[in-house]
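These are the residues of each chain, in order.
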Amino acid sequence: MLDLVFIAFIGFILLLGLRRPYLWVLLYIYIDIIAPQRIGYALIQSIPVSLIAFGAAFGGWLLLDRKEGARFSLRQGLMLALLVYAFWTTGNADFPVEAQTKWEWVWKALVFAIFLPLTLTTRLRLEALAVTMVLAISMIVISTGMKTVLGGGGYENLKFFVTDNSGIYESSTLATVAIGMIPLIWWLVRFGTIFPKHWAVKAFAAALTFSCLLIPVGTEARTGLVCIAVLAIFLLRYVERRVMFIMAAGALGVIALPFLPQSYYERMATIAQPGGDESASTRVAVWAWTIDYASRNPFGGGFNSYLGNSFTYEIPVTEEVGNTTAVEFRDVTDEARAFHSSIFEMLGEQGWPGLFIWLWLQALGVWQMERIRSRWKDQTSEQEGWIAPLAVALQLASLVYLTGALFQGISYQPVFYKLIGLQIGLYSYCRRLNPSRFKSGFTRIREQSPRARRQAQRAATSPDAVAAS
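What comes next is a walk through the structure. These figures come from a predicted structure and were not determined experimentally.

### Brief notes about the overall build of the protein chain
Right, on to step 1. In terms of regular secondary structure, the protein chain is built from 19 helices and two strands.
Right, on to step 2. Expressed as a percentage of its 469 residues, the buried residues of the protein chain come to 48%.
Right, on to step 3. By sequence separation, contacts in the protein chain at least 24 residues apart represent 76% of the contacts at least 6 residues apart.
Right, on to step 4. Only carbon and sulfur atoms are counted for the fraction: they give 65% of the accessible area of the protein chain, which is about 23500 Å².

Have a look at this one:
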């Protein structure tokens, strides 16, 4: 029955896309995030729904969609460079079979992220993409939040729609995605035009935000707690009553303490004492190994190069004998442990060139959103008042993602590349809307100088200009 519901919904959107090809783009985003072929049982698993939507999105844009306003940006060029470079490292990988397995989904994420901004040519399309991402992610978040409230949480014990712990369904990744989505939720409440301004929409947004904050609790993901703290710190820049905001955040934290399980306290305590936790100690050892590996292999070892690591580290083991507690340090030898950091994932797999491209891609997004915010922050009209707040929401989402990426190997996570596509689409839209606001201060001063005005006046009154008029 569940398979038939998914197939009917996908088929319906495919039919609607014949009149509105952009719907096929949104359909692929929905399928790529939710992965209904992994949720269903038999029938939908035999149908390549992701490939069908992927082909429909590209084909619909090429054959049926208008190309007005589509342009290729620098960040799309960076993703293209990363794609080509990753293709080369895959062909020269330390572990060719394992590298090819990861390449099969990475290239799709990069190609779609390069293509996506070409379709984002209007405000409605930008908003529709944001709504699709929020609602698709909220399906997972709401279900996970309900299970957490009902007592079904716990590290690696919380069950999602699927049984495997990968992609967005990985606990720390979902916690990062959920926290990063909160600013976008409230932008849609304030400035969205698809859903009406109604108390029910605000109530749903508040409940969804609460569910997002529950994800780090239910999954007991330490990264999620760090992401909440980072988001709260950056929000201080934009809230009007900072003292009230700090007091309210502290009060909510104190109120939540009695409802948190003991296992959550024990796991969060390892943030302050990483040396006492085997998982944290392993990460530090892997990072040290990766730096040494990059010094010997500056161009990286291809996808999944971590399979070649092997190291020994010390971890304290506490033993209670009677009324005394003894701490003994034991050597632990480990091998083939994942990077547990996007920085070291890029460094180990794509070397210094790949890490440079990836960091440039992320930093440029934060800078571009800041540039849009500063140019449009004083606009209050219906036509342009939504631009600066959207740039702020996307910038905060990027900062949360980069925070989570410090402790997870999510440098190729498709959800965040869709976020990058949305940022590029907004930046291109603003450049088309008012190119003069993107001119540097030096350029504006030069154009406003008396000499420049005299030159413009002479050009306007020249015989050729008069004849052309």
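### Quick notes on helix H6 (residues 96–115)
Right, on to step 1. End to end, H6 covers 28 Å across 20 residues, agreeing with the expected 28 Å (1.5 Å per residue, within 8%).
Right, on to step 2. Of all the positions in H6, only Ala99, Lys102, Trp103, Val106, Ala109, Leu110, Phe112, Ala113, Ile114 and Phe115 are classed as buried.

### Examining unusual backbone geometry
Right, on to step 1. Positive phi is not limited to glycine here, since asparagine 304 has a value of about 60°.
Right, on to step 2. The class of asparagine 304 is buried, set by a relative accessible area of 16%.
Right, on to step 3. Positive phi, close to 55°, is recorded for alanine 336, a residue that is not glycine.
Right, on to step 4. By secondary structure assignment, the location of alanine 336 is in the loop between strand S2 (324–335) and helix H14 (342–376).
Right, on to step 5. A residue is classified by how much of its surface remains accessible, and alanine 336, at 33% relative accessible area, is partly exposed.

### As for empty space enclosed by the protein
Right, on to step 1. Applying the stated rule across the entire model yields three cavities of 30 Å³ or more.
Right, on to step 2. Reported here for the largest cavity is a volume of approximately 130 Å³.
Right, on to step 3. Lining the largest cavity are Met133, Val134, Ile137, Val177, Gly180, Met181, Leu184, Ala397, Val415, Phe416 and Leu419.
Right, on to step 4. Looking at the lining of the largest cavity, the elements that each hand over two or more residues are helix H7 (123–149), helix H8 (171–191) and helix H16 (414–433).
Right, on to step 5. Here the element with the most residues in the lining of the largest cavity is H8; it accounts for four residues.

### Here's the deal with the packing of aromatic side chains
Centre distance and the angle of the planes are the two values used to describe a pair of aromatic rings.
Right, on to step 1. Enumeration according to the criterion identifies 24 aromatic pairs in this entry.
Right, on to step 2. For the ring pair tryptophan 88 and phenylalanine 299, a centre distance of 6.5 Å and an interplane angle of 85° mean the geometry is edge-to-face. Taken together, the residues span a long stretch of sequence, with tryptophan 88 in helix H5 (residues 74–91) and phenylalanine 299 in the loop between helix H13 (278–296) and strand S1 (310–321) at a distance of 211 residues.
Right, on to step 3. Three or more aromatic residues joined by ring pairs make a cluster, and in this case those are Tyr28, Phe54, Phe58, Trp61, Trp107, Phe112 and Phe115.
Right, on to step 4. Directly above the ring of tryptophan 61 sits lysine 67, whose terminal nitrogen or CZ lies 5.2 Å from the centroid.

### Points about the environment of glycine 180
Right, on to step 1. Looking at where glycine 180 falls in the secondary structure, it is placed in helix H8.
Right, on to step 2. Linking glycine 180 and leucine 231, residues 51 residues apart in sequence, is a C-alpha distance of 7.9 Å.
Right, on to step 3. In this view, glycine 180 contacts Ala397 and Val400; residues no more than four positions away in its chain are not counted.

### Section: the packing of H8 against helix H9 (residues 199–219)
Right, on to step 1. At a closest axis distance of 9 Å, the pairing of H8 and H9 adopts a crossing angle of 160°. Overall, the two elements H8 and H9 adopt an arrangement that is roughly antiparallel. For H8 against H9, the interelement crossing comes out left-handed. Here H8 contributes Ser171, Leu174, Ala175, Ala178, Ile179, Met181, Ile182, Ile185, Trp186 and Val189 to the contact with H9, which in turn contributes Val201, Lys202, Ala205, Ala206, Leu208, Thr209, Cys212, Leu213, Ile215, Pro216 and Thr219.
Right, on to step 2. Across the contact of H8 with H9, the residue classes break down as 17 nonpolar, three polar and one charged.

### Some thoughts on a nonpolar patch on the surface
Right, on to step 1. Together, Leu124, Leu135, Ile194, Phe195 and Phe204 line one region of the surface with nonpolar side chains, adding up to about 450 Å² of accessible area.
Right, on to step 2. Here leucine 124 shows up in helix H7.

### Thoughts on the environment of alanine 70
Right, on to step 1. Looking at where alanine 70 falls in the secondary structure, it is placed in the loop between helix H4 (49–63) and H5.
Right, on to step 2. Sequence spacing of alanine 70 and leucine 120 is 50 residues, and the spatial spacing of their C-alpha atoms is 7.7 Å.
Right, on to step 3. If sequence neighbours within four positions are ignored, alanine 70 has contacts with Trp61, Leu118 and Thr121.

### A closer look at the side chain of lysine 418
Right, on to step 1. Tracing the sequence through the fold places lysine 418 in helix H16.
Right, on to step 2. By relative accessible area, lysine 418 is classed as buried at 4%.
Right, on to step 3. Setting aside chain neighbours within four positions, we find lysine 418 in contact with Ile29, Asp32, Leu116 and Met133.

### Describing the pattern of salt bridges
Right, on to step 1. Enumeration according to the criterion identifies eight salt bridges in this entry.
Right, on to step 2. Ionic pairing is found between glutamate 345 and lysine 102, a salt bridge with its closest N-O pair at 2.7 Å. Linking glutamate 345 in helix H14 with lysine 102 in helix H6, this pair joins segments that are 243 residues apart in sequence. Across the pair, exposure class does not vary: glutamate 345 and lysine 102 are buried alike.
Right, on to step 3. In this structure, glutamate 349 and lysine 102 form a salt bridge, with 3.0 Å as the shortest nitrogen-oxygen distance. Note that glutamate 349 is positioned in helix H14 and lysine 102 in helix H6, a separation of 247 residues in sequence. For the pair glutamate 349 and lysine 102, one class covers both residues: buried.
Right, on to step 4. Connected via shared salt-bridge partners are Lys102, Glu345 and Glu349.

What counts and what doesn't
Residues numbered from 1 in each chain as written. Predicted model: local features only at pLDDT ≥ 70, side-chain atom pairs only at ≥ 80, totals over all residues. Heavy atoms only, no water. Helix = DSSP H or I, 4+ residues; strand = E, 2+ residues; numbered from the N terminus. Buried < 20%, exposed > 50% of the residue type's maximum accessible area, 1.4 Å probe, protein only. Contact = heavy atoms within 4.5 Å. Areas by Shrake-Rupley, 256 points an atom, 1.4 Å probe, with all protein chains shown as cover. Expected span 1.5 Å × (residues − 1). 1 Å grid on protein atoms, 1.4 Å probe; cavity = no way out; pocket = protein on both sides within 12 Å on 5 of 7 lines; lining within 4 Å. Points joined across faces, edges and corners; volume = space filled by probe spheres on them. Phe/Tyr/Trp six-rings, centres within 6.5 Å; stacked < 30°, edge-to-face > 60°. Lys NZ or Arg CZ within 6 Å of the ring centre and 35° of its normal. Axes fitted to C-alpha atoms, helices over the stretch in contact; angles between N-to-C directions. Parallel < 35°, antiparallel > 145°, perpendicular 65-115°, else oblique. Left-handed = near helix turned anticlockwise from the far one by under 90°. Nonpolar A, V, L, I, M, F, W, Y, C, P; charged D, E, K, R; others polar. Patch = residues over 30% accessible without salt bridge, like charges linked within 9 Å, V, L, I, M, F, W, Y side chains within 5 Å. Salt bridge = Lys/Arg side-chain N within 4 Å of Asp/Glu carboxyl O.

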